[in-house]
Amino acid sequence: MKRMLLVGIVVVLGGCGTARTLVLEPVKQPNHFQRVELVEAPATVKVPAQVTEKFRSVVEKGLYENGKFLRGNDLRISYTIISDNPGSQFQRWFWGGIGNAGEGSLVIMVRYLDASDAELAKTEIEGRIGSGFFGGDFEEAITKAGEDLVKFTIDNFASQVAQQPAQ
């Protein structure tokens, strides 16, 4: 009984953030890369600096710190934030996630390019926050979107051999 109560509290306190990746142009050829460069293109909407910094931080951590990729330009990931709507944290809290009250979302267009600028794939990633303790933090949507980009990149472009950064 206590364990069920603890699980229920953790679920209520945690933010309800999700992400999804829409593949607009499928991977054209199964290339695997060891070096990746992350390129931020200008956003098409006004985006607070903390949103772009958080997103980039999550993606860099996922790509470089786990040993899947090294920094380099064999594969370029060019991304553009095309929608930034933090929603209303108060409404998310007040309505408790009922319907879409106060929902926030972040949408990023991502292009994967090889060294000769040929497009290898194109995706659209959406991170969402719908509820959570005190309405959930919009950072959860940013984090989930970044994690989805990392997962798609590793699943489709990582070399089979894990790389370790030179010390």
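So, helix H2 (residues 49-64)
Then, in step 1: If you check H2, its first and last C-alpha atoms are 22 Å apart, about what 16 residues at 1.5 Å a residue would give, namely 22 Å.
Then, in step 2: Looking only at H2, the buried set comprises Val51, Thr52, Phe55, Val58, Val59, Gly62, Leu63 and Tyr64.
Then, in step 3: Turning to H2, the residues buried within the fold contact strand E2 (35-40), strand E3 (70-71), strand E4 (75-85), strand E5 (104-114) and helix H4 (139-157).

Considerations on the side chain of Ser159
Then, in step 1: As for its placement among the helices and strands, Ser159 is situated in the segment after H4.
Then, in step 2: A polar side-chain atom of Ser159 sits 3.1 Å from the main-chain carbonyl oxygen of Phe33.
Then, in step 3: Contacts of Ser159, omitting those with residues within four sequence positions, involve His32, Phe33 and Gln34.

Quick look at the environment of Pro30
Then, in step 1: Checked against the element boundaries, Pro30 lands in the loop between strand E1 (17-25) and E2.
Then, in step 2: C-alpha separation for the pair Pro30 and Asn156, spaced 126 residues apart in sequence, amounts to 7.2 Å.

What to know about the pattern of salt bridges
Then, in step 1: One pass over the full model with this rule turns up ten salt bridges.
Then, in step 2: In this structure, Lys28 and Glu25 form a salt bridge, with 3.7 Å as the shortest nitrogen-oxygen distance.
Then, in step 3: As a salt-bridge pair, Asp117 and Arg76 come within 1.8 Å of each other at their nearest N and O atoms. Separated by 41 residues along the polypeptide, Asp117 in the loop between E5 and strand E6 (119-129) and Arg76 in strand E4 bring together distant segments of the chain.

Examining the packing of aromatic side chains
Any pair of aromatic rings gets described here by the distance separating the centres and the angle formed by the planes.
Then, in step 1: Across all of its chains, the model carries four aromatic pairs by this definition.
Then, in step 2: Counting every residue linked through ring pairs, the aromatic cluster contains Phe33, Tyr112, Phe152 and Phe157.

A few points about H4
Then, in step 1: Counted at 1.5 Å a residue, the expected span for H4 with its 19 residues is 27 Å, and the 27 Å between its end C-alpha atoms agrees.
Then, in step 2: Taken together, the buried positions of H4 are Ala141, Ile142, Thr143, Ala145, Gly146, Asp148, Leu149, Val150, Phe152, Thr153, Ile154 and Phe157.
Then, in step 3: Looking at the packing, one finds that the buried side of H4 touches E1, H2, E4, E5 and E6.

Regarding the sheet that holds E2
Then, in step 1: Spatial strand order, E1-E6-E5-E4-E2-E3: six strands in an open sheet with mixed pairing. With partners counted over all chains shown, the strands left at the sheet margins are E1 and E3, one partner each.
Then, in step 2: Note: E5 against E6, ten bridges, orientation antiparallel. Residue Tyr112 lies in a different strand from E6, and its bridge partner there is Ala121.
Then, in step 3: Sitting on the sheet, H2 touches E2, E3, E4 and E5, and the angle it makes with E2 is about 175°.
Then, in step 4: Against the sheet, H4 touches E1, E4, E5 and E6, its axis set at about 155° to E6.

Calculation rules
Throughout this document, residue positions are counted from 1 along each chain, in the order its sequence is written. Residues qualify for local features only when their pLDDT is at least 70, as the model is predicted, and side-chain atom pairs are given and counted only at 80 or more; totals for whole chains, interfaces and linings, by contrast, use all residues. Think of the side-chain values as coming from all heavy atoms in the structure, minus any hydrogens and water. Strands here mean DSSP runs of E at least two residues long; helices mean DSSP runs of H or I at least four residues long; both are numbered from the N terminus. Under the convention used throughout, the expected extent of a helix is 1.5 Å for every residue step, that is, one less than its residue count. The buried label goes to any residue with under 20% of its type's maximum accessible area, the exposed label to any with over 50%, and the partly exposed label to all in between, with areas taken from a 1.4 Å probe on protein chains only. Here, residues are in contact when the closest pair of their heavy atoms is within 4.5 Å. Polar contact is the term for a pair of N or O atoms within 3.5 Å; when the atoms are in protein, one must be able to donate a hydrogen and the other to accept it, and sequence-neighboring residues count only if both atoms are side-chain atoms. One speaks of a salt bridge when a side-chain nitrogen belonging to Lys or Arg is within 4 Å of a carboxyl oxygen belonging to Asp or Glu. In summary, the pairing rule links any two rings of Phe, Tyr or Trp, Trp by its six-membered ring, whose centres are within 6.5 Å, and it sorts them by plane angle into stacked for under 30 degrees, edge-to-face for over 60 and tilted for everything else. When DSSP finds two or more bridges between two strands, those strands count as paired. Structural elements are reduced to axes, namely lines fitted to C-alpha atoms, with helices fitted over the stretch in contact, and the angle between N-to-C directions of any two is expressed from 0 to 180 degrees.

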